[in-house]
Amino acid sequence: MSYPESYKYTKEHEWVHIEGDRATIGITDHAQHELGDIVFVDLPKPGSAVTKGQTFGSVESVKAVSDIYAPVSGEVTEANELLAKTPEQLNSDPHGAAWLIKVKLSPSNSETDSLMSAADYQNYVGAE
Amino acid sequence: MSANTDLKRTPLFETHIASKARMVDFGGWNMPVQYSGIVEEHNSVRQAVGLFDVSHMGEIDVRGPEAGKLVDYVTTNHAAKLKHGQAHYSALLYEHGGFVDDILVHKVADDHFFLCVNSSNQEKDFEHIRQNNRFEAEVEFTSDQYAQLAIQGPKALATLQKLTPVDLAGIKYYWFVDGEVSGAPARIARTGYTGEDGFEIYIQPAEAARIWAEIMKAGEEFGIRPCGLGARNTLRLEAKMALYGHELTASINPFEADLGWIVKMDKGDFVGRAALEKVRANGLTRKLAGFEMRGRGIGRDGYEITIEGQPAGWVTSGGPSPTLNKNIGLCYVPANKTAPGTAIEVTIRNVPVEAEIVATPFYKRRQGASA
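Residues numbered from 1 in each chain as written. Chains lettered and ligands numbered in written order. Predicted model: local features only at pLDDT ≥ 70, side-chain atom pairs only at ≥ 80, totals over all residues.

A word on the overall build of chain B
Next, step 1: Looking only at helices and strands, chain B features 8 helices and 19 strands.
Next, step 2: For 371 residues, the compact-globule estimate of 2.2 N^0.38 gives 21 Å, and the C-alpha radius of gyration of chain B, at 21 Å, lies within 12% of that figure.
Next, step 3: Expressed as a percentage of the 371 residues in chain B, the buried residues total 48%.
Next, step 4: Taking as baseline every contact in chain B between residues at least 6 positions apart, the subset at least 24 positions apart corresponds to 66%. (Helix = DSSP H or I, 4+ residues; strand = E, 2+ residues; numbered from the N terminus. Rg over C-alpha atoms; globule rule 2.2 N^0.38 Å. Buried ≥ 20, exposed ≤ 12 C-beta atoms within 10 Å, placed from the backbone. Contact = placed C-beta atoms within 7 Å.)

This is the structure we're talking about:
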């Protein structure tokens, strides 16, 4: 699976798609592959705040629990309800239908500088 | 995956790498945790057949005129009652009644017993048995002489039968035969750790890769899959089979672990017996029970359990059940709180989530060919 050029990526294997003051956050194909069969996704409620670098939820596979870290700071506007009923979608479409949350970015967001481009992320997981 | 050369390898290491298995450090062994995926592998065992490399398991041979006496002195089940070619589940205990290990005892002959023990406990078990050997018996550590494969599932018999002249249907549950698989010597036991019918075979390490490949070929028509330790764990959990280090530890006794059936108090003295007498006289304070999550969340190994907000125990093994499509687990709770229907809470990331004690095993296969 290819990594969308328009997304930015973290070392903890999240992606973020920023459009104006809005962002969509998910986990990468590499992350879902490492986790294996995903059976449970725990996400914050709309209205709650997420802070860059801090965990905002978790993804569980049959074998393990994995924390998810926020690539940016902001307020949650939507959590993907699809994943409550069909968490396995995260295995099949992690960059698309199985996004995790949408957020309204905090006003001062020069925070995206530390994120990786698709090419950098591809190198990063290739080398890992 | 980084290649950690300090880890021990089974004779099938290269086979696993070639099969693109995901390898993990399992108690010092470099073992496959999954190949195609845990759920897929799990389902193949419930519905057809799966093949496991369990060569990390340890083997100990006990020989001599008093081999049986030694085995009965260091284990809880009654080895003297075994017939030639019969096996049973048993335990090694410390004097204080806690588990050294849980093991399988096979009676090869009056003067020869073959023990299969947990990989991470094998050296400790060997020392424990030797230290208690005041009989005319020799204890030999023979793990290096065996590779072990588990062929498990409703199509296990049909798969393995293609490769052996031994009449597999004639081997009853928990019996074994010394015969051949693919022309090589094999101890074929109708045992397993999945809750399905199946076989565990003990073979020469040099033959392991060839026999693995032949079993995979023989099972092809049934959709056989190589299975890793991940599926082995979900399968055994559904069947409520204990795992050392989780349900069983040095501070847990067999009655607490709901394994009273492998303790034969009337067979004569054995290591741990005096302590178990006291446990029986005083009654149990805690006991192993099964639970199902009711609230959203998965109770996992080590999570705390509360009842009406008060600390009550801990989860020993927990996770999703692929067969039942529920989140299940085993836990220690006060002995008077083990009735099915009892409401408990599992603390998941600092939040108590509702769960309920349920009857076990979670999964029981429909009556197989023999039992």
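Read on for the rest.
Structural notes on the overall build of chain A
Next, step 1: What chain A contains, in helices and strands, is 4 helices and 9 strands.
Next, step 2: Along its sequence from the N terminus, chain A presents helices and strands in the succession β-β-β-α-β-β-β-β-β-α-α-β-α.
Next, step 3: Here the C-alpha coordinates of chain A stretch approximately 40 × 35 × 20 Å along the principal axes.
Next, step 4: Counting all 128 residues of chain A, 39% fall into the buried class.
Next, step 5: Contacts in chain A between residues far apart in sequence, at least 24 positions, make up 62% of those at least 6 positions apart.

Describing the domain arrangement of chain B
Next, step 1: Per the domain assignment, the segments of chain B are domain 1 (13–55 + 146–238), domain 2 (58–144) and domain 3 (285–358).
Next, step 2: With centres defined by C-alpha atoms, the gap from domain 2 of chain B to domain 3 of chain B works out at 34 Å. (Domains from an automatic or database assignment.)

A word on the sheet that holds strand S9 (residues 101–105) of chain A
All names here are of chain A.
Next, step 1: The 6 strands lie next to each other as S1-S2-S3-S9-S8-S5, forming an open sheet whose pairing is antiparallel. Only two strands of the sheet have a single partner each, and these edge strands are strand S1 (8–9) and strand S5 (49–50).
Next, step 2: As paired strands, strand S8 (residues 74–79) and S9 are joined by 5 bridges and run antiparallel to one another. Bridging across to S9, Glu78 finds its partner in Lys102. (Pairing = 2+ DSSP bridges.)

A word on the nonpolar core
Next, step 1: Ranked by size, the top nonpolar core spans 126 residues in total, and within it B:Val62, B:Val105, B:Leu115, B:Leu149, B:Ile151, B:Ile203 and B:Ile215 carry the most contacts.
Next, step 2: Setting aside its immediate chain neighbours within four residues, B:Leu149 contacts B:Leu51, B:Phe52, B:Asp53, B:Val54, B:Ile201, B:Ile203, B:Ile211, B:Trp212 and B:Ile215. (Core = buried A, V, L, I, M, F, W, Y, C linked by C-beta atoms within 7 Å.)

Topic: unusual backbone geometry
All names here are of chain B.
Next, step 1: Going from Thr360 to Pro361, the amide bond is cis rather than trans, its omega being 0°.
Next, step 2: Looking at the secondary structure, you find Pro361 in the segment after strand S19 (351–358).
Next, step 3: Although it is not a glycine, Asn325 sits at a positive phi angle of roughly 55°.
Next, step 4: Looking at where Asn325 falls in the secondary structure, it is placed in the loop between strand S16 (310–321) and strand S17 (326–334).

A look at the interface of chain B and chain A
Many descriptions give the size of an interface as the accessible area lost when the pieces come together.
Next, step 1: In this assembly, 10 residues from chain B lie in contact with 8 residues from chain A.
Next, step 2: Of all the secondary structure elements, the ones that give two or more residues to the side of chain B that touches chain A are helix H2 (38–47), helix H7 (229–238) and S16 of chain B.
Next, step 3: Class assignment for the residues of the side of chain B that touches chain A results in 4 nonpolar, 5 polar and 1 charged. (Nonpolar A, V, L, I, M, F, W, Y, C, P; charged D, E, K, R; others polar.)

Structural notes on helix H3 (residues 67–74) of chain B
Residues and elements named next belong to chain B.
Next, step 1: The buried count for H3 comes to 7 of 8 residues, which makes it a mostly enclosed element.
Next, step 2: Those residues of H3 lying buried are Ala67, Gly68, Leu70, Val71, Asp72, Tyr73 and Val74.
Next, step 3: Buried-residue contacts for H3 involve strand S4 (58–63), strand S5 (86–93), strand S6 (99–109), strand S7 (112–117) and helix H4 (122–131).

Regarding H7(B)
Residue and element names in this part refer to chain B.
Next, step 1: Counting buried positions along H7 yields 8 of 10 residues, so the element is predominantly enclosed.
Next, step 2: Gly230, Ala231, Arg232, Asn233, Thr234, Leu235, Leu237 and Glu238 are the residues of H7 that are buried.
Next, step 3: The elements touched by buried residues of H7 are strand S2 (29–34), H2, strand S3 (50–53), strand S13 (225–227), S16 and S17.

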